[in-house]
Amino acid sequence: MNLFGRELGPQEIASLVAMLALLAYWLFVLRGERGYARWFKQWEAERKARRDAELARERGEADPEKHGGPWG
């Protein structure tokens with residue numbers, strides 16, 4: 001096989017294929033990690049909202065999401 005004017009032997013072709021396979025694998029892993037990070041941030045925000053609502057109920061405050069307008 002000739003690539004950019006250089007003859008590639010079987011070992012070099014195998015190395016090139018292995019590097020491309022590793023790059024594809026790395027991209028799939030990166031996509032999974034980004035999905036996990038996105039899920040974790042969403043879960044943490046929901047948990048904080050539930051905790052804040054629970055603390056507001058314990059203090060006897062009105063639910064911050066159920067107010068009559070910008071002035072309460």
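In this text, all values refer to a predicted model and were calculated from it rather than measured experimentally.

Of all residues in the protein chain, 86% have pLDDT values of 70 or greater, and the mean over the chain is 87. Mean pLDDT in the protein chain bottoms out at strand S1 (residues 2-3), which sits at 77, and peaks at helix H1 (residues 10-59), which reaches 94.

As a further point, take the pattern of salt bridges. Evaluated as defined, the whole model comprises three salt bridges. Across the salt bridge formed by Asp52 and Lys48, the nearest N and O atoms sit 2.9 Å from each other. Remark: Lys48 and Asp52 occur in helix H1; sequence separation between them is four residues, near one turn of the helix. On the basis of relative accessibility, which here comes to 53%, the residue Lys48 falls in the exposed class. Salt-bridge contacts for Arg51 lead to Glu54; the nearest nitrogen and oxygen are separated by 3.1 Å. Of this pair, Arg51 and Glu54 both sit in helix H1, three residues apart, which is roughly one turn of the helix. The class for Arg51 is partly exposed, based on a relative accessible area of 43%. Taking the relative accessible area as the measure of exposure, Glu54 reaches 33% and is therefore partly exposed.

Calculation rules
- Residues take numbers from 1 onward in each chain, read along the sequence in its written order.
- Thresholds applied to this predicted model are a pLDDT of at least 70 for local features of residues and 80 or more for the giving and counting of side-chain atom pairs; totals over whole chains, interfaces and linings are not thresholded and use all residues.
- As a convention, hydrogens and water are excluded, and side-chain values are obtained from all of the structure's heavy atoms.
- Every residue gets a pLDDT, meaning the predictor's confidence in that residue, from 0 to 100.
- What counts as a helix is a DSSP run of H or I of at least four residues, what counts as a strand is a run of E of at least two, and both are numbered from the N terminus.
- By definition here, a salt bridge exists when the distance from a side-chain nitrogen of Lys or Arg to a carboxyl oxygen of Asp or Glu is within 4 Å.
- Three exposure classes are used, based on accessible area relative to the maximum for each residue type with a 1.4 Å probe and protein chains only: buried under 20%, partly exposed in between, and exposed over 50%.

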